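# Descriptive structure summary
Each chain, letter by letter, is given below.
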Amino acid sequence: MDISVKDLQEAISIRQQIDNLQRRLSSLLRGAPQTTTPTTRSTSRRYFSPSTRAKLSAAARARWARRQGTGTAGTAGTAAPAKGRGQLTPAGRRKLSQLMKARWAARRKAGGKQKASTRKKGVLTPAGRKRLSELMKARWAARRKASSK
């Protein structure tokens with residue numbers, strides 16, 4: 001990766017501006033300037049007692065069970081089975097099939113068969129190949145010129 005000294009200096013300048021703006025924002029929100037030392041993970045995490053952790057995990061298991069549609073001892077079987085999502089019922093599948101058949105029948109009736117294009121997809125014409133070659137040569141020349149600075 002070619003990174004010039006000018007680009008690096010600009011990146012450092014932008015980073016300093018971001019840091020200054022973050023300090024200003026935190027001082028506005030908290031009323032005191034933020035220290036520049038990063039916070040460690042141990043100071044930013046909350047402490048939960050073992051009983052609170054057990055309650056939270058039981059609640060999470062209950063939510064999962066309700067979502068899966070299975071009852072657990074904690075929920076006492078009160079969870080209703082979850083309705084399947086994203087699957088068609090046989091009646092819905094039949095209705096879609098009939099609609100698609102009607103749509104294709106209307107297209108056949110209106111336009112008949114469309115003529116297939118004689119041109120192959122994904123094949124460059126000689127003019128297109130020449131234009132692409134010229135563009136690439138210009139791009140390479142610009143890169144060589146930029147890297148020689």
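Going by the structure above, here's the rest.
Now for a look at the structure at hand. What you are looking at is a predicted structure, and each value in this text was computed from that prediction instead of being measured.

### Quick word on the overall build of the protein
- A count of helical and extended segments in the protein gives five helices and zero strands.
- Mapped from its N terminus to its C terminus, the protein presents α and β elements in the order α-α-α-α-α.
- Accessible surface for the protein amounts to roughly 14,800 Å². Of this, 57% is attributable to carbon and sulfur atoms.

### Quick notes on the pattern of salt bridges
- Summed over the entire model, instances satisfying the criterion amount to one salt bridge.
- Salt-bridge contacts for R15 lead to D19; the nearest nitrogen and oxygen are separated by 3.8 Å. Within this pair, R15 and its partner D19 are both found in helix α1 (residues 5-30), separated by four residues, close to a single helical turn.

### Here's the deal with the packing of aromatic side chains
- Counted under the stated rule, the structure contains zero aromatic pairs.
- Here the basic side chain of R107 rests over the ring of W104, its NZ or CZ set 4.9 Å away from the ring centre.

### Describing a nonpolar patch on the surface
- On the surface, a cluster of nonpolar side chains totalling about 380 Å² of accessible area is made up of L25, L28 and L29.
- Locating L29 in the fold gives a position in helix α1.

Calculation rules
Residues numbered from 1 in each chain as written. Predicted model: local features only at pLDDT ≥ 70, side-chain atom pairs only at ≥ 80, totals over all residues. Heavy atoms only, no water. Helix = DSSP H or I, 4+ residues; strand = E, 2+ residues; numbered from the N terminus. Areas by Shrake-Rupley, 256 points an atom, 1.4 Å probe, with all protein chains shown as cover. Salt bridge = Lys/Arg side-chain N within 4 Å of Asp/Glu carboxyl O. Phe/Tyr/Trp six-rings, centres within 6.5 Å; stacked < 30°, edge-to-face > 60°. Lys NZ or Arg CZ within 6 Å of the ring centre and 35° of its normal. Patch = residues over 30% accessible without salt bridge, like charges linked within 9 Å, V, L, I, M, F, W, Y side chains within 5 Å.

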